[in-house]
Amino acid sequence: MSDYLPAELIVEILIRVPAKIVPRCKCVCKRWNSLISNPHFATTYLAHSKQRPYHLFRRLDQETGEELFTLHPSDNPDNPFPRNYHLKNLNRSDPALHINLLRLAQEVKDKGGFFGCSSDYIKLHCPYKTRYYQYFHQIVGSVNGLICMVDSYSIDDNYYLWNPSINRSMQLPRPKYHDQSRSNSFFGFGYHAPTDDYKLVRLVYLNNCNSPVVDIYTLNTGGWCSAKAQPSAQYIIDSFGSVVVNGAIHWLAHTPEDAHHNLIVSFDLGNEGNEVVFHEVPVPKILEAGYTVNL
Amino acid sequence: MSNTSENPNPSSSSAKITLKTSDNELFEVEEAVAMKFCTVKQYFEDEKDNDVAARGSSTVIPLPNVHSAVLARLISYCKKLPQSNAVADNHEEEETKKKERKQYGTPGDLVDLISAANYLDFKEGLEFFNQALADHIQNKSVEYVRKFFGIKGDFEPHEEEKYREEYAWAFEGVDED
């Protein structure tokens, strides 16, 4: 029957099946296999699936100590969290937040618990366990359905990439170990469209050094490379609080204490070579002085 | 033989266009409906340029790749065209749309409908029936999908077995055929 269904129509049908089913479709015949294996398929599939975004939730089961991940359609009115409720970086010192959280907790309870409010969520099985009981992975970021996580409660961090839709994951090699004691590490994960590549960026501020060592993992090469940044006098505030916009990773930072003001530091994912350039973006005047700013 | 009276309201003065299918059936349809098919629209506009349209609805547009049974289905879909094929705004709407897609697409006809919608360059219809077919096969076994599309599995048995083992998770949760 499909003798007369041209390749582009087969593709149009297959980009509409759930990601989990795609590998099964590859098994149908060599022609389908090669259509799906073509990088063009992945691009088309992503573009189509983005029309219906999901929110990824993660919670810790207090009893089992297990880390639970679920996907909720962001447009579902039964979502435990209403639309536009951005939780990525909660500012715990904001009193309004606590009131909101209390209200939210009551709402969730009224609906029968976090997972009682709707059957329309997808439970994911995290392929990795943190090394310590009752610890979360740190989520560096997620883009195009790919989640970058770090288990970072010891000196030898473990880095993972996980695509829950197709249940594939990989542990990344470790970056170069820095002899000197680290004072702090900051992370960002993003997609660089021009090279169709995913990058994990780690900034390490070594003690007594005001320019960070930058380690960049690129998925296409499968390896890390180090780069040097120019000395800078900003302090990034949150290790895992990066936001990726327009192909650049952004962190909130502030200048030294005596001249404290907030600003945004950005790193272009297209940055090539071993010299790293950070750009500074001012924050709105009203937020410049505060101590409780979040991206 | 003619399949007229597609318009339930005879007093309507909207222009009609006649389409001729591969099995020589004639369909007289409202211009608004016919213009959803870009292939027809293009043909119609070309004719207009050639000043043939002056003869009005006497123009018959041949559709040698579309069978009458399929065209009738497409026209009826066109008339009840859901407001938009945009992605459902919420879960409930998505469920309604799923049901709707089930009603329209008898699985066996979907491939023909897709081919015809593609030939006619009928975008909404193509999207709709593609999604209906994707809904239909998503819980089916590989064997069912092969049979459905008339495809012969061409992997070596050991290749296929290895693949199925590696991606066992993608082969779970299959309905009875």
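Residues numbered from 1 in each chain as written. Chains lettered and ligands numbered in written order. Predicted model: local features only at pLDDT ≥ 70, side-chain atom pairs only at ≥ 80, totals over all residues. Heavy atoms only, no water.

1. As for the overall build of chain B
Then, number 1: Scanning chain B for helices and strands turns up 8 helices and 4 strands.
Then, number 2: Order of helices (α) and strands (β) in chain B, N terminus to C terminus: β-β-β-α-α-β-α-α-α-α-α-α.
Then, number 3: Each of the 177 residues in chain B was classed as buried or not, and the buried ones make up 41%.
Then, number 4: Counted over contacts in chain B with a minimum sequence separation of 6, partners at least 24 positions apart contribute 61%.
Then, number 5: Of the roughly 9,800 Å² of accessible surface on chain B, 47% is carried by carbon and sulfur atoms. (Helix = DSSP H or I, 4+ residues; strand = E, 2+ residues; numbered from the N terminus. Buried < 20%, exposed > 50% of the residue type's maximum accessible area, 1.4 Å probe, protein only. Contact = heavy atoms within 4.5 Å. Areas by Shrake-Rupley, 256 points an atom, 1.4 Å probe, with all protein chains shown as cover.)

2. Considerations on the pattern of salt bridges
Then, number 1: Evaluation of the coordinates by the stated rule reveals 8 salt bridges over all chains.
Then, number 2: Note that Lys20 of chain A is salt-bridged to Glu172 of chain B, the shortest N-O span being 3.8 Å. Taken as a pair, Lys20 of chain A in the loop between α1 (7-14) and α2 (22-26) and Glu172 of chain B in the segment after α8 (157-166) lie in two separate chains rather than in one.
Then, number 3: Taking the shortest distance from any N to any O, the salt bridge between Arg202 of chain A and Asp215 of chain A comes out at 3.1 Å. Remark: Asp215 of chain A occurs in strand β10 (residues 213-218) and Arg202 of chain A occurs in strand β9 (residues 197-206); sequence separation between them is 13 residues. Exposure class is identical for Arg202 of chain A and Asp215 of chain A. Each is buried.
Then, number 4: Each of Glu143, Arg146, Glu160 and Arg164 of chain B takes part in salt bridges that share partners, so that together they form one network. (Salt bridge = Lys/Arg side-chain N within 4 Å of Asp/Glu carboxyl O.)

3. A word on the sheet that holds strand β6 (residues 158-163) of chain A
Residue and element names in this part refer to chain A.
Then, number 1: Strand order in the open sheet formed by 4 strands is β4-β5-β6-β7, and the pairing between neighbours is antiparallel. The strands lining the two open edges of the sheet, one partner per strand, are β4 (138-143) and β7 (168-171). Each neighbouring strand pair of the sheet contributes to a mean axis angle of 15°, computed without reference to strand direction.
Then, number 2: Relative to β6, strand β5 (residues 146-151) runs antiparallel, the two sharing 5 bridges. Its bridge partner being in β6, Val150 is matched across the sheet by Tyr159. (Pairing = 2+ DSSP bridges. Axes fitted to C-alpha atoms, helices over the stretch in contact; angles between N-to-C directions.)

4. So, the interface of chain A and chain B
Then, number 1: The interface of chain A with chain B comprises 34 residues on the first partner and 45 residues on the second.
Then, number 2: Together, the buried faces of chain A and chain B total about 3,500 Å²; carbon and sulfur atoms form 61% of this surface.
Then, number 3: Linking chain A with chain B are 8 residue pairs in polar contact (both at pLDDT 80 or more).
Then, number 4: Counting residues per element, the ones that place at least two in the side of chain A that touches chain B are α1, α2 and α3 (30-37) of chain A. (Buried area = accessible area lost by both parts, 1.4 Å probe. Polar contact = N/O pair within 3.5 Å; in protein donor to acceptor, adjacent residues only side chain to side chain.)

5. Digging into the nonpolar core
As a rule of thumb, nonpolar side chains are buried together in soluble globular proteins.
Then, number 1: Judged by nonpolar contacts, the single largest core of 65 residues is most densely connected at Trp32 of chain A together with Leu19, Phe37, Leu71, Leu120, Leu133 and Phe149 of chain B.
Then, number 2: Beyond its immediate sequence surroundings of up to four residues, Trp32 of chain A is in contact with Ile10, Leu14 and Cys25 of chain A together with Val145, Phe149 and Ile151 of chain B.
Then, number 3: Ranked by size, the runner-up nonpolar core spans 18 residues in total, among them Val201, Tyr205, Ala227 and Val276 of chain A. (Core = buried A, V, L, I, M, F, W, Y, C linked by side-chain atoms within 4.5 Å.)

6. Structural notes on the side chain of Thr21 of chain B
Residues and elements named next belong to chain B.
Then, number 1: With respect to the secondary-structure elements, Thr21 resides in strand β2 (residues 16-21).
Then, number 2: Within polar-contact distance, the side chain of Thr21 engages the side chain of Asp23 at 2.7 Å.
Then, number 3: Among all residues touching Thr21, those that are not within four sequence positions of it are Phe27, Leu63, Val66, His67, Ser68 and Leu71.

7. Remarks on the pairing of strand β14 (residues 248-254) of chain A
Residues and elements named next belong to chain A.
Then, number 1: The element β14 is largely enclosed, with a buried count of 7 among its 7 residues.
Then, number 2: Residues Ala248, His250, Leu252 and His254 of β14 are buried on one face, and the alternating residues Ile249, Trp251 and Ala253, pointing to the opposite face, are buried as well.
Then, number 3: Strand direction decides the pairing type here: strand β13 (residues 243-245) and β14, joined by 3 bridges, are antiparallel. The residue of β14 that forms the bridge with Val243 is His250.
Then, number 4: The turn joining β13 and β14, which pair antiparallel and follow one another in sequence, is formed by 2 residues; a positive phi near 50° is taken by Asn246.
Then, number 5: When β14 meets strand β15 (residues 262-268), the two strands line up antiparallel, connected through 7 bridges. Of the residues in β15, the one forming a bridge with Ile249 is Phe267.

8. Structural notes on empty space enclosed by the protein
Then, number 1: Counted according to the given criterion, the structure contains 1 cavity of 30 Å³ or more.
Then, number 2: Class assignment for the residues of the lining of the largest cavity results in 5 nonpolar, 2 polar and no charged. (1 Å grid on protein atoms, 1.4 Å probe; cavity = no way out; pocket = protein on both sides within 12 Å on 5 of 7 lines; lining within 4 Å. Points joined across faces, edges and corners; volume = space filled by probe spheres on them. Nonpolar A, V, L, I, M, F, W, Y, C, P; charged D, E, K, R; others polar.)

9. What to know about the UniProt feature "domain: F-box" (unreviewed entry) in chain A
Then, number 1: As recorded in UniProt, the feature "domain: F-box" (unreviewed entry) lies at residues 5-44 of chain A.
Then, number 2: As a span, residues 5-44 of chain A carries 68% helix and 0% strand, and end to end its C-alpha atoms are 18 Å apart. (UniProt positions renumbered as here; feature names shortened; annotations may be inferred.)

10. Concerning unusual backbone geometry
Then, number 1: The backbone of Asn246 of chain A sits at a positive phi, close to 50°, despite the residue not being glycine.
Then, number 2: Within the secondary structure, Asn246 of chain A sits in the loop between β13 and β14.
Then, number 3: Since its relative accessible area comes to 79%, Asn246 of chain A is described here as exposed.
Then, number 4: Even without glycine at this site, Asp121 of chain B takes up a positive phi of about 55°.
Then, number 5: Assignment of secondary structure puts Asp121 of chain B in the loop between α5 (107-120) and α6 (123-137).
Then, number 6: Under the relative-accessibility criterion, Asp121 of chain B is labelled partly exposed at 43%.

11. What to know about the packing of aromatic side chains
Then, number 1: Under the criterion given, the structure shown has 20 aromatic pairs over all chains.
Then, number 2: Between Phe267 of chain A and Phe278 of chain A the ring centres are 6.0 Å apart and the planes differ by 50°, which places this aromatic pair in the tilted class. Taken as a pair, Phe267 of chain A in strand β15 and Phe278 of chain A in strand β17 (residues 278-282) lie far apart in primary sequence, 11 residues in all. The burial state of Phe267 of chain A is the same as that of Phe278 of chain A; both residues are buried.
Then, number 3: A centroid spacing of 6.4 Å and a plane angle of 85° characterise the contact between Tyr163 of chain B and Phe171 of chain B, whose relative ring orientation is edge-to-face. Considered together, Tyr163 of chain B and Phe171 of chain B belong to a single accessibility category, that of buried residues. (Phe/Tyr/Trp six-rings, centres within 6.5 Å; stacked < 30°, edge-to-face > 60°.)

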